[in-house]
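# Fold and geometry: a report
Residues per chain are reported as follows:
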Amino acid sequence: MHEFGYCEGVLDVIERRAGGRRVAAVGVRVGALHRVVPAAFQQSFHLVAAGGVADGAVTVLTTVPARATCSACGTPFESVDSMPACPSCANVVLDLEGGDELVLEWVEYSADGGDPDVSRDSR
Ligand SMILES: [Zn+2]
């Protein structure tokens, strides 16, 4: 499950940003080319975050499409597919741009009482 490694990287950033606050939810932008399965990501995150400030936090993934240009017919298109093919000629040799990011987008903290707080820390 390659989601595990991604979670560890993201958790590092979360813990540095949280500075000891309890984390209720996080938003992560994931490029389509990473082939991340949201359910697997959430599951891995629970394991990686257990016992820390983000224990039990919900992960909200936004899949970022890759921009591609067909090398055969020049058709530009966007795809959330991990193995995109040209919609016009089905060619799979493409110039790809984007779709490979993995960015922590926002962190939502919870009050110690357990109720989710509204303080959303976005950049
Ligand atoms: Zn094409």
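Above this note sits the structure.
A quick note: this is a predicted structure, and the numbers were derived from the prediction, not measured.

## Comments concerning helix H2 (residues 38-49)
Compared with an ideal rise of 1.5 Å per residue, which puts 12 residues at 16 Å, H2 spans 16 Å between its outermost C-alpha atoms and is within 8% of the ideal. Those residues of H2 not exposed but buried are Phe41, Ser44, Phe45, Val48 and Ala49. Considered in projection along H2, the buried side chains sweep an arc of 120° and stay on one side of the axis. Residues of H2 that are exposed and angled more than 90 degrees away from the buried face: Ala39 and Leu47. Residues of H2 that are buried make contact with helix H1 (3-18) and strand S2 (58-64). The first or second residue beyond H2 is Gly51, which carries a positive phi of 85°.

## Points about the sheet that holds strand S3 (residues 66-70)
Across a sheet, paired strands are connected by hydrogen bonds in the backbone, their directions being either parallel or antiparallel. Here we have three strands laid out as an open sheet, ordered S4-S3-S5, and antiparallel in their pairing. Each edge of the open sheet carries a strand with a single partner, namely strand S4 (76-79) and strand S5 (94-97). Neighbour-to-neighbour, the strand axes of this sheet turn through a mean angle of 30°, independent of strand direction. As paired strands, S3 and S4 are joined by four bridges and run antiparallel to one another. By the bridge assignment, Thr69 is partnered in S4 with Pro76.

Calculation criteria
Residues numbered from 1 in each chain as written. Predicted model: local features only at pLDDT ≥ 70, side-chain atom pairs only at ≥ 80, totals over all residues. Helix = DSSP H or I, 4+ residues; strand = E, 2+ residues; numbered from the N terminus. Expected span 1.5 Å × (residues − 1). Buried ≥ 20, exposed ≤ 12 C-beta atoms within 10 Å, placed from the backbone. Arc of directions from axis to C-beta. Contact = placed C-beta atoms within 7 Å. Pairing = 2+ DSSP bridges. Axes fitted to C-alpha atoms, helices over the stretch in contact; angles between N-to-C directions.

On their own, these measurements won't tell you what the molecule is for.
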